[in-house]
Amino acid sequence: MPVHKILLVDDSKTELHFLSELLTKRGYSVRTAESGEEAMRRLAEDKPDLILMDVVMPGQNGFQLTRTITRDPRFAGVPVIMCTSKNQETDRVWGMRQGAKDYVVKPVVPDELIAKIKQFD
């Protein structure tokens, strides 16, 4: 199923703006959430085709939220790509163990991110 709708979860307004602009220009429909709670509300309102997930956020972090989403039968089929400044191999491995399908380190290289998204088309 082609990816059209992306849910972008990040507590940084700067990152949300940058990534939203990048993805919108490439033809994606983007919705944003600045916290785990807001992300769960967005998921319930309109199921996305893919989720881009930051790790470091107040309250529920991206690892915890990814685990919650990927273990929920309603959203288990929605791929999650971790998109974070945490660049250690242990972080990448932990993210994948929580259910993420891929891992991108910030600052994001636009063509690399788009290539990772397109693998789910």
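Preceding block: the structure.
The rules behind these values
Residues numbered from 1 in each chain as written. Predicted model: local features only at pLDDT ≥ 70, side-chain atom pairs only at ≥ 80, totals over all residues. Heavy atoms only, no water. Helix = DSSP H or I, 4+ residues; strand = E, 2+ residues; numbered from the N terminus. Polar contact = N/O pair within 3.5 Å; in protein donor to acceptor, adjacent residues only side chain to side chain. Buried < 20%, exposed > 50% of the residue type's maximum accessible area, 1.4 Å probe, protein only. Salt bridge = Lys/Arg side-chain N within 4 Å of Asp/Glu carboxyl O. Pairing = 2+ DSSP bridges. Right-handed = clockwise from strand over helix to strand, strands pointing away.

Visitor: Where do I start with the side chain of S35 in this structure?
Guide: With respect to the helices, strands and loops of the structure, S35 is situated in the loop between β2 (29-33) and α2 (36-45). Within the local environment of S35, its side chain forms a polar contact with the backbone nitrogen of E38, the two atoms lying 3.1 Å apart.

Visitor: How do you make sense of the environment of Q119 when you look at a structure like this?
Guide: By the secondary structure assignment, Q119 is in the segment after α5 (110-118). The partly exposed category is assigned to Q119, whose relative accessible area is 46%. Sequence-wise, Q119 and V3 are 116 residues apart; in three dimensions their C-alpha atoms are separated by 9.4 Å. From its side chain, Q119 meets the backbone oxygen of K116 in a polar contact 3.3 Å long.

Visitor: It is not clear to me how the pattern of salt bridges should be interpreted in this structure. Could you clarify?
Guide: Side-chain pairing between opposite charges can occur once the charged atoms of the two side chains come close. Taken as a whole and judged by the stated rule, the model has 13 salt bridges. D10 is paired through a salt bridge with K106; the nearest N and O atoms lie 2.6 Å apart. You can see D10 sitting in the loop between β1 (5-9) and α1 (13-25) and its partner K106 sitting in the loop between β5 (102-105) and α5, a full 96 residues away along the chain. Across the pair, exposure class does not vary: D10 and K106 are buried alike. For D102, the salt bridge goes to K116, with nearest N and O atoms at 3.1 Å.

Visitor: For this particular structure, what's the right way to read the environment of T14?
Guide: Position of T14 relative to the elements: it lies in helix α1. Judged by relative accessible area, T14 falls into the exposed class, the value being 62%. As for T14 and I114, which are separated by 100 residues in sequence, their C-alpha atoms are 19 Å apart.

Visitor: I'm lost on the pairing of β2 in this one. Help?
Guide: If a strand is regular, its side chains alternate between the two faces of the sheet. Across five bridges, the pairing between β1 and β2 is parallel. Across the sheet, the residue bridging to K5 is S29, located in β2. In this region the chain leaves β1, passes through α1 and returns to the parallel neighbour β2; the handedness of that crossover is right-handed.

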